Amino acid sequence: MSEISGNKEKEPKQQFPVSRRGFLRTGAAVAAMGVMGAIAAPSKMANATVSTLGYEAAGKGKWSKLKPKMSYGGASVSFVEHNDQWLGTSKLLGPVQRTDEQDGGFCLAIRGILGEKAKYGYFQQASRYPMASAFLNPTGAISGPEMVDGPVSPEKLPIPDPEQMSQHIKDLAYYLRADEVGIGKMPSYAYYASTMAPPQGAYAAGAVPPDAPISKAPVTGNLPNVIVVAVEQHLETYLATTGYDGISNSQSFRCYHATANISVIMAQYIRNLGYNARAQHFGNYEAVMGPCLIAAGMGELTRTGDCVAHPRFGFRTKVAAVTTDLPLAPDKPIDFGMLDFCRVCKKCADECPSKAITFDVDPVEHNGYLRWNTDAKICTTFRASNEEGVNCGRCIKVCPWNSKEDSWFHEAGIWIGSKGQGAAKFLKGIDDMFGYGTEIVEDYKWWLEWPELYKIKMPS
Amino acid sequence: MSIFLIFLAGILFLAGVLFIKPRAKQDKTWKTVIIWTLYVIFFVVACMGVSFVYINASVGHVKATSTAIFLFGGISLVLAVVLARVLGFIGTKKKAESLKA
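Everything numeric in this text was worked out from a predicted model, so none of it was measured. (Residues numbered from 1 in each chain as written. Chains lettered and ligands numbered in written order. Predicted model: local features only at pLDDT ≥ 70, side-chain atom pairs only at ≥ 80, totals over all residues.)

### A few points about the overall build of chain A
In terms of regular secondary structure, chain A is built from 18 helices and 14 strands. The buried share of chain A, taken over its 460 residues, is 46%. Residue pairs in contact within chain A that sit at least 24 positions apart in sequence constitute 81% of those at least 6 positions apart. (Helix = DSSP H or I, 4+ residues; strand = E, 2+ residues; numbered from the N terminus. Buried ≥ 20, exposed ≤ 12 C-beta atoms within 10 Å, placed from the backbone. Contact = placed C-beta atoms within 7 Å.)

Here you go:
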């Protein structure tokens, strides 16, 4: 032992010679690390403020934790502005007036303005197909004012980083089985001026008698943010349907029900966090969904009037929203060349059984903004009066952006289609050549047709 | 399945390379480059065609499947014939006979 210690004592002392150059290099490295640490500090501090909740965000610039990168399905997407002249790629020509819900397509049918057949066709939508009422009844159960809105928890969750909360809310949407979600600044004109009382969904469900008096209920909501959730309508079912047979309205109602569930749960969750939130869904809308979708970066207007197409699904979706004052970082509206595509494609107009969709080359002015003026009255009259099935979604079926399964060549096609009018014409040609959209794939026809039920019973 | 098909495509590509390599070398460099370019284009078109037909057939797009068989199959066939002719797999007997005469 002593020998060992003696050896140690004999060892020369270790020296750490440091040259001037080495000293300067070390100093520069330490300074650089200090600067990097300072840059990274704000996000870490933000994380630390909610660390008691066991939550750590996905990181700056990420879409969400469950889906770090938003999928646009191959489309070439750029981000555009939301200001007083543009809402995404929609040009605003002047003040856009808030509309009354009762002037919307199906509300006109309910009010008898589109004729008796359309009126009673709408009232009997649920009863004319067994699955339709099966969807409408549970949707009706979550459509009351106490379901879409309610008291806010007095205990407010502090939210130091809205981007972090946006990621969390998007993950909540995916968790609740939304196919896509976006967050936007709520355009003031997206709120209705007034809603219809009773709501149109109540008539469709047969919850109120056809002759129930209709009144206007003024909309006072003015929450600054909107969270929009979309659920895809079933692709294989669309491949097998004409678009206006028995399953047509169930395709819509399935997604209305799904999005209504998501929006109601999400709104209640936000109220539990101490912030105002109101669910906006098919059974009880206070807002028009088109501008909400564009503001939330979920798509662009199409030739079919106010339908908004997403780069990945087209407009083969149904949506609901939550308007809220929860601090959130809004997404930007997107441009993926839909206007150029719709300008040259016109497949929906060619295939529309009621010829309601315009063949105009360019969008025209409507209520202070530019859009293609689909004739909503003709469209609604056909949908409500259709006796070959119930309702219609032919434009959804045939649109080249809507009717595709996931594959490399459809992604390539979408990329081509989002590259301007020449490319769009090329894509449309290929789409027609391969027979997409218009074909009926009988192998997927899984539902029951009951033509005797489709006849509209007029009161004697 | 897709992993197996990608593996198969890789094996076939290499087999093709080994098969044409003895005849690919030409007197002029540009001819050699054209042969290899033709081979790569032929192979890409053939693989795209197989993938396109496979996916469309499995989804049930009848018209897309039949059109793709004619389109991709036709292009692949033309390229294969051109390549075979350039490499001397077909048409050489006639040439040799005419030279004898």
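### With respect to the packing of helix H1 (residues 2-24) of chain B against helix H2 (residues 29-59) of chain B
When two helices pack together, their arrangement is given by the angle between the helix axes and the distance between those axes. Residues and elements named next belong to chain B. Two elements in contact, H1 and H2, have axes whose closest approach is 11 Å; the angle formed by their N-to-C orientations is 155 degrees. Classified by the angle between their axes, H1 and H2 sit roughly antiparallel to one another. Relative to H2, the crossing made by H1 is right-handed. Where H1 approaches H2, its residues Ala9, Phe13, Gly16, Ile20 and Ala24 are matched on the opposing element by Thr32, Ile35, Trp36, Tyr39, Phe43 and Cys47. Split by residue class, the contact of H1 with H2 holds 9 nonpolar, 2 polar and no charged. (Axes fitted to C-alpha atoms, helices over the stretch in contact; angles between N-to-C directions. Parallel < 35°, antiparallel > 145°, perpendicular 65-115°, else oblique. Left-handed = near helix turned anticlockwise from the far one by under 90°. Nonpolar A, V, L, I, M, F, W, Y, C, P; charged D, E, K, R; others polar.)

### Considering the sheet that holds strand S7 (residues 225-232) of chain A
All names here are of chain A. With antiparallel pairing, 4 strands are arranged side by side in an open sheet as S4-S7-S11-S8. Both outer strands of the open sheet, strand S4 (180-185) and strand S8 (277-280), are each paired with one neighbouring strand and no more. The mean angle between the axes of side-by-side strands here comes to 20 degrees, regardless of whether they run parallel or antiparallel. Both S4 and S7 contribute to a ladder of 6 bridges, which runs antiparallel. Residue pairing in the sheet places Gly184 in a bridge with Val226 of S7. Helix H7 (residues 162-175) contacts S4 and S7 of the sheet and is inclined by roughly 145 degrees relative to S4. Sitting on the sheet, helix H10 (residues 248-272) touches S7, S8 and strand S11 (317-324), and the angle it makes with S11 is about 15 degrees. (Pairing = 2+ DSSP bridges.)

### Comments concerning the confidence of the model for chain A
Residue and element names in this part refer to chain A. Within chain A, residue pLDDT values average 89, and 89% of them lie at 70 or more. Low pLDDT (under 50) marks residues 1-14, which in the prediction has 0 contacts with non-local residues, meaning those over four places away or in another chain. Note that residues 41-50 has pLDDT below 50 and, in this model, 9 contacts with residues that lie over four places away or in other chains. (pLDDT = per-residue confidence, 0-100.)

### A word on the nonpolar core
Ranked by size, the top nonpolar core spans 105 residues in total, and within it Ile227, Val228, Val229, Cys292 and Ala321 of chain A carry the most contacts. If you tally residues by element for this core, the top one is H10 of chain A, at 10 residues. Among residues more than four places away in sequence, those in contact with Cys292 of chain A are Gly184, Met186, Ala190, Val226, Val228, Ala287 and Ala321 of chain A. Residues Phe434 of chain A together with Phe52, Ile55 and Ala64 of chain B belong to the second largest nonpolar core, which totals 7 residues. (Core = buried A, V, L, I, M, F, W, Y, C linked by C-beta atoms within 7 Å.)

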